[in-house]
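Residue-level listing of the chains:
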Amino acid sequence: MSTTFTVDFFCSLDGYGMAEGWPGYWGKEGPELIEDRVRTFAQDQVLVFGATTFRQFRKFVTMFDEPYYDSLNELPKIVFSRTLEEPLGWQNSTVLAEDAVVAIERLKRTTDVPMRSHGSVALNRALLAAGLVDRLEVMMFPAVSGRAGGAALLHGGAELDLDLIESTVLDGRTQKLVYAPRPHGEIPAGAGPQRRKAA
């Protein structure tokens, strides 16, 4: 018995997961992007959150009206936290007060239900570094967050090699890139520019 773990990350071209003063989706949402989200969260899966992202989404689903929010409410959810206590204020949610790397390694071996984490930068950095992420889905919006940017998943994290599985352009402007990540290993001999041979 085993399953897959997907990290789902929205970002601007410069790799930031949010930007102060910019609207959601950097103001670049469109019908194809929203349909992609509807399809994504219609799948049978467990959603995995860190405490900060959990609190944000728990609020978003009551404040905003997105066509995939009903699915977010219905899907089972795990939140890793040592401070949150049940009841968590969001249906179908369970808190795990343990190390996320240890727990996800165990859950991947003991369940067949796929797991997906959206946002949750610190949590997903640790899971990427531990080699527990099977798919990294990056939704790259056509914007540069610059000084307004924050929540950069890949800045300052582990070095990774990525195998491209899928590449899609949504609404003619937003790039969805799906990778199989693995911790960066040794550089193979002969890789990169080669020195000129002496004359």
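What counts and how
Residues numbered from 1 in each chain as written. Predicted model: local features only at pLDDT ≥ 70, side-chain atom pairs only at ≥ 80, totals over all residues. Heavy atoms only, no water. Helix = DSSP H or I, 4+ residues; strand = E, 2+ residues; numbered from the N terminus. Rg over C-alpha atoms; globule rule 2.2 N^0.38 Å. Buried < 20%, exposed > 50% of the residue type's maximum accessible area, 1.4 Å probe, protein only. Contact = heavy atoms within 4.5 Å. Areas by Shrake-Rupley, 256 points an atom, 1.4 Å probe, with all protein chains shown as cover. Lys, Arg positive; Asp, Glu negative; His and termini not counted. Charge placed at Lys NZ, Arg CZ, Asp CG, Glu CD. 1 Å grid on protein atoms, 1.4 Å probe; cavity = no way out; pocket = protein on both sides within 12 Å on 5 of 7 lines; lining within 4 Å. Points joined across faces, edges and corners; volume = space filled by probe spheres on them. Nonpolar A, V, L, I, M, F, W, Y, C, P; charged D, E, K, R; others polar. Polar contact = N/O pair within 3.5 Å; in protein donor to acceptor, adjacent residues only side chain to side chain. Pairing = 2+ DSSP bridges.

Visitor: Explain the overall build of the protein chain to me, please; I cannot follow it from the model alone.
Guide: Helices and strands together make up the secondary structure of the protein chain, namely five helices and 10 strands. In summary, the protein chain has a C-alpha radius of gyration of 18 Å against a globular reference of 16 Å for 199 residues, a match within 12%. A total of 199 residues make up the protein chain; the buried ones form 42% of that total. Taking contacts inside the protein chain between residues at least 6 apart in sequence as the whole, the part at least 24 apart equals 72%. A total of about 11,000 Å² of accessible surface is found on the protein chain, and carbon and sulfur atoms cover 52% of it. In the protein chain, 21 positive and 26 negative side-chain charges are present, and the distance between their average locations comes to 7 Å.

Visitor: It is not clear to me how empty space enclosed by the protein should be interpreted in this structure. Could you clarify?
Guide: The gaps of empty space that remain are located by a probe, the size of a water molecule, rolled over the atoms. A complete count under the given rule lists two cavities of 30 Å³ or more for this structure. By volume, the largest cavity is sized at about 40 Å³. What lines the largest cavity is simply Arg 125, Leu 128, Ala 129, Leu 153, Leu 154, Gly 157, Ala 158 and Leu 160. It is helix α5 (residues 121-129) that contributes the most residues to the lining of the largest cavity, three residues altogether. Of the residues in the lining of the largest cavity, the class split is six nonpolar, one polar and one charged. Of the voids in this model, the second largest cavity is the one considered here, and its volume is about 30 Å³. In this structure, the second largest cavity is lined by Phe 41, Leu 47, Phe 49, Phe 57, Leu 72 and His 118.

Visitor: So what exactly am I meant to see when it comes to the layout of surface pockets here?
Guide: Looking at the largest pocket, its volume works out to about 1,000 Å³. Looking at the lining of the largest pocket, the elements that each hand over two or more residues are β1 (5-12), β2 (18-19), α1 (31-41), α2 (51-63) and α5. A total of six residues in the lining of the largest pocket trace back to one element, the largest contributor, which is α2. When its residues are assigned to classes, the lining of the largest pocket shows 20 nonpolar, 10 polar and four charged. Its volume calculated, the second largest pocket comes out at about 160 Å³.

Visitor: What's the story with the side chain of Gln 45 in this structure? I'm lost.
Guide: Tracing the backbone through its elements, the reader meets Gln 45 in the loop between α1 and β3 (46-50). Assessed through its relative accessible area of 3%, Gln 45 is described here as buried. From its side chain, Gln 45 meets the backbone oxygen of Thr 40 in a polar contact 2.7 Å long. Discounting chain neighbours no more than four positions away, the residues touching Gln 45 are Thr 40, Leu 75, Pro 76, Val 113, Pro 114 and Arg 116.

Visitor: Looking at this structure, how should I read unusual backbone geometry?
Guide: Note: most peptide bonds trans; most residues except glycine with negative phi. In this structure, the amide linkage connecting Glu 86 to the following residue, Pro 87, adopts the cis form with an omega of 5°. Positive phi values are uncommon outside glycine, yet Tyr 25 reaches one of about 60°. With respect to the helices, strands and loops of the structure, Tyr 25 is situated in the loop between β2 and α1. Non-glycine residue Asp 171 carries a positive phi angle of around 60°. Among the structural elements, Asp 171 can be located in the loop between β9 (160-170) and β10 (174-183).

Visitor: Explain the pairing of β1 to me, please; I cannot follow it from the model alone.
Guide: The side chains of a regular strand alternate between both faces of the sheet. Across the eight residues that make up β1, a large majority, eight, are buried. Along β1, one buried face is formed by Phe 5, Val 7, Phe 9 and Cys 11 and the opposite face, lined by Thr 6, Asp 8, Phe 10 and Ser 12, is buried too. Both β1 and strand β7 (residues 135-141) contribute to a ladder of seven bridges, which runs parallel. Opposite Phe 10, over in β7, you have Met 139 as the bridge partner.

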